[in-house]
Amino acid sequence: MKKRIINTKNAPAPIGPYNQAIKIDNMLFISGQVAMDPGNNNELIKSSVNDETHQVMKNLSAILEEAGMDFTNVVKTTIYLSDMSYFNEVNTIYGSYLKEGDEPARETVAVKTLPKEVNVEISMIAID
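Scoring rules and cut-offs
Residues numbered from 1 in each chain as written. Predicted model: local features only at pLDDT ≥ 70, side-chain atom pairs only at ≥ 80, totals over all residues. Heavy atoms only, no water. Buried < 20%, exposed > 50% of the residue type's maximum accessible area, 1.4 Å probe, protein only. Helix = DSSP H or I, 4+ residues; strand = E, 2+ residues; numbered from the N terminus. Arc of directions from axis to C-beta. Contact = heavy atoms within 4.5 Å. Salt bridge = Lys/Arg side-chain N within 4 Å of Asp/Glu carboxyl O.

Trainee: Give a detailed account of helix H2 (residues 87-96), specifying residues and quantitative values.
Mentor: Here H2 has its buried residues at Val 90, Ile 93 and Tyr 94. Looking down the long axis of H2, one finds its buried residues gathered within 100 degrees of arc, a one-sided arrangement. For H2, the exposed residues lying more than 90 degrees away from the buried face are Asn 88, Thr 92 and Ser 96. Residues of H2 that are buried in the fold lie against helix H1 (49-66), strand E6 (74-81), strand E7 (105-110) and strand E8 (120-127).

Trainee: Mind laying out the pattern of salt bridges, listing which residues take part and the relevant values?
Mentor: Applying the stated criterion across every chain yields a total of two salt bridges. One salt bridge connects Glu 107 with Lys 76, and the closest N-O pair in it is separated by 2.4 Å. One end of the pair, Glu 107, is in strand E7; the other, Lys 76, is in strand E6, and 31 residues separate them in sequence. On the basis of relative accessible area, Glu 107 is assigned to the partly exposed category, the value being 30%. Among the residues examined, Lys 76 registers a relative accessible area of 25% and is labelled partly exposed.

Structure, rendered in structure tokens:
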């Protein structure tokens, strides 16, 4: 088993004792990403759920790219929402980053609170 830590300056630095992602052999496990903008001193994007979701997907894309992958490699996604009323908007934006017909398995859950009081957090598993 070959384990490699994946971190990129193109995604927010971890806010706790974890890494952006861990690659084990051909599997990539990406930590939950929130709407922090790495190009703007990790400023939190909270203007709208739409903007939050786009930033989260950009952060995930940067981590995938650092690992030599893209969204077509993703096999499993977990989406956490602060309120299920955001489901349709987040679902539409999330889906716009994926290749139709090649979407990963997924669950979406509403939770009481998320780190930094964000509305969206997404984690992924990808296979190379």
